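Geometric and topological summary
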Amino acid sequence: MKERAIGVFDSGLGGLTVVRELLAALPGEDIVYFGDTGRVPYGSRSREALEEYARQDQRFLLSQDVKLVIAACGTVSSVVPYVGEELPVPFLGVVSPAADAAVQATRNGKIGVIGTIATIASKAYGRELLKRSPGLTISERACPLFVPLVEAGWFGESDEVALLTARRYLEGLKEEGVDTLILGCTHYPILTGVIRRVMGEEPVLINTGKTAAAAAGALLREKGLLNPRAAGGRCRYFVSDRTEDFARLAGVFLSRPVDEVQRVDITAY
Ligand code: DGL
């Protein structure tokens with residue numbers, strides 16, 4: 001069981017923010033990544049569609065014999081978290097680990113949350129935050145254009161379109177004085193440079209990829225499922241549409257060649 005891979009899924013590139021941290025923290029682990037590039041974005045889908053997509057994504061990962069499934073997707077983790085409870089292996093979403101980190105980080109009790117339309121409508125982050133600390137002031141904003149910007153590769157810190165978009169979405173939150181901002185969609189940490197330029201140096205940015213990867217490590221340790229190998233893990237990538245763009249942008253983001261990308265018919269799962 002320990003030798004099995006960790007399964008990670010998202011609608012596209014966003015879940016790579018989890019993979020990047022897993023590669024750094026647990027280099028001996030094998031990883032199977034699924035990016036549903038044929039059906040991205042998830043953030044504007046209905047609950048019914050998200051249930052179906054998440055079940056198919058999970059079934060595909062199980063077919064790869066994974067020991068843990070990470071929904072590296074704020075939308076799935078917020079809107080249909082119960083789908084993960086159906087699994088025969090441990091499951092982790094991104095909301096709780098990010099809420100833990102935000103509550104630890106805030107000093108003035110004002111926390112901002114940004115995410116997809118579906119995530120923000122679900123109020124899942126707000127609920128988790130208030131469970132931990134009822135006195136918090138929470139401001140939530142949907143930033144639906146961030147995902148297509150990332151999928152198009154327009155995420156460089158000087159990208160003018162990304163900067164304009166970020167200003168439009170984030171200036172209100174800056175004025176409200178949030179000292180902690182949850183990047184509640186896993187695509188958003190890829191835009192950290194842009195978000196930082198708009199928000200300034202002060203707010204703590206909670207990277208959902210990082211907090212989820214740390215929680216995954218802790219969960220594997222607790223369950224005695226860590227791979228004893230210290231290095232040399234293999235990462236395989238699967239997508240539901242063309243492989244070329246994914247391989248190129250994933251390579252840029254992960255700063256390593258991404259050559260093992262295969263296309264799967266996800267509707268068959
Ligand atoms: N990265 C995902 C999330 O965290 C999905 C975004 C999307 O496809 O809209 O919400």
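Residues numbered from 1 in each chain as written. Predicted model: local features only at pLDDT ≥ 70, side-chain atom pairs only at ≥ 80, totals over all residues. Heavy atoms only, no water.

1. Describing the overall build of the protein
- Broken down by element type, the protein carries 11 helices and 10 strands.
- Compactness check: the protein gives a C-alpha radius of gyration of 17 Å against a globular reference of 18 Å for 269 residues, within 12% of the reference.
- A principal-axis box enclosing the C-alpha atoms of the protein has dimensions of 50 × 40 × 40 Å.
- A burial count over the protein gives 56% of its 269 residues as buried.
- Counting only contacts in the protein whose residues sit at least 6 apart along the sequence, the fraction spanning at least 24 positions is 77%.
- Carbon and sulfur atoms make up 49% of the accessible area of the protein, which amounts to about 11,300 Å² in all. (Helix = DSSP H or I, 4+ residues; strand = E, 2+ residues; numbered from the N terminus. Rg over C-alpha atoms; globule rule 2.2 N^0.38 Å. Buried < 20%, exposed > 50% of the residue type's maximum accessible area, 1.4 Å probe, protein only. Contact = heavy atoms within 4.5 Å. Areas by Shrake-Rupley, 256 points an atom, 1.4 Å probe, with all protein chains shown as cover.)

2. Some details on the site of the ligand
- Near the ligand lie 14 residues; those nearest to it are Ser11, Tyr42, Gly74, Thr75 and His187.
- Gly43 has a polar backbone atom sitting 2.7 Å from an oxygen atom of the ligand.
- Taking Thr186, its main chain carries an N or O atom lying 2.8 Å from an oxygen atom of the ligand.
- Burial of the ligand by the surrounding chains reaches 99%, relative to a free accessible area of 290 Å².
- Classifying every residue of the shell around the ligand by side-chain character gives six nonpolar, seven polar and one charged. (Near = heavy atom within 4 Å. Polar contact = N/O pair within 3.5 Å; in protein donor to acceptor, adjacent residues only side chain to side chain. Nonpolar A, V, L, I, M, F, W, Y, C, P; charged D, E, K, R; others polar.)

3. A few points about helix H2 (residues 47–63)
- With 17 residues, H2 extends 24 Å between its outermost C-alpha atoms, agreeing within 8% with the 24 Å of an ideal straight helix rising 1.5 Å per residue.
- Buried residues of H2: Ala49, Leu50, Tyr53, Ala54, Gln56, Asp57, Gln58, Phe60 and Leu61, and no others.
- A positive phi of about 65° marks Asp65, the residue just after H2. (Expected span 1.5 Å × (residues − 1).)

4. Some points on the pairing of strand E5 (residues 110–115)
- Of all the six residues making up E5, five are buried; the element is thus mostly covered by neighbouring parts of the structure.
- Pairing analysis gives four bridges linking E5 to strand E7 (residues 180–183), with the strands arranged parallel. In the sheet register, Gly112 faces E7, and the bridge partner there is Leu181. (Pairing = 2+ DSSP bridges.)

5. Let's talk about the sheet that holds E7
- Ordered by their spatial adjacency, four strands build an open sheet running E6-E5-E7-E8, and the pairing between neighbours is parallel. The open sheet terminates on both sides in strands that have one partner only, identified here as strand E6 (137–142) and strand E8 (204–207). Taken pair by pair, the neighbouring strands of this sheet meet at an average axis angle of 20°, ignoring direction.
- Running over the sheet, helix H4 (residues 95–105) touches E5, E7 and E8 and is turned about 165° from E8.
- Lying over the sheet, helix H8 (residues 160–176) contacts E5, E6 and E7, oriented at roughly 170° with respect to E6. (Axes fitted to C-alpha atoms, helices over the stretch in contact; angles between N-to-C directions.)

6. Quick word on the packing of aromatic side chains
- Summed over the entire model, instances satisfying the criterion amount to nine aromatic pairs.
- Ring centres 5.0 Å apart and planes at 65° place the aromatic pair Phe60 and Phe238 in the edge-to-face group. Of this pair, Phe60 sits in helix H2 while Phe238 sits in strand E9 (residues 235–239), and the two are 178 residues apart along the sequence.
- Ring centres 5.1 Å apart and planes at 90° place the aromatic pair Phe146 and Tyr188 in the edge-to-face group. Here the residue Phe146 occupies a position in helix H7 (residues 146–151), and Tyr188 occupies one in the loop between E7 and helix H9 (192–199), the gap between them amounting to 42 residues.
- On the accessibility criterion, Phe146 (1% relative accessible area) is buried.
- Clustering of aromatic rings is evident, with ring pairs tying together Phe34, Phe60, Phe238 and Tyr269.
- Looking at Arg39, its charged tip hangs above the ring of Tyr53, at a distance of 3.9 Å from the centre. (Phe/Tyr/Trp six-rings, centres within 6.5 Å; stacked < 30°, edge-to-face > 60°. Lys NZ or Arg CZ within 6 Å of the ring centre and 35° of its normal.)

7. Brief notes about the nonpolar core
- Counting 71 residues, the largest nonpolar core has Phe146, Leu170 and Ile195 as its most contacted members.
- Listed in part, the 25 residues of the second largest apolar core include Phe60, Val69, Cys73 and Val76. (Core = buried A, V, L, I, M, F, W, Y, C linked by side-chain atoms within 4.5 Å.)

Function-wise, these values are silent; they only describe arrangement.
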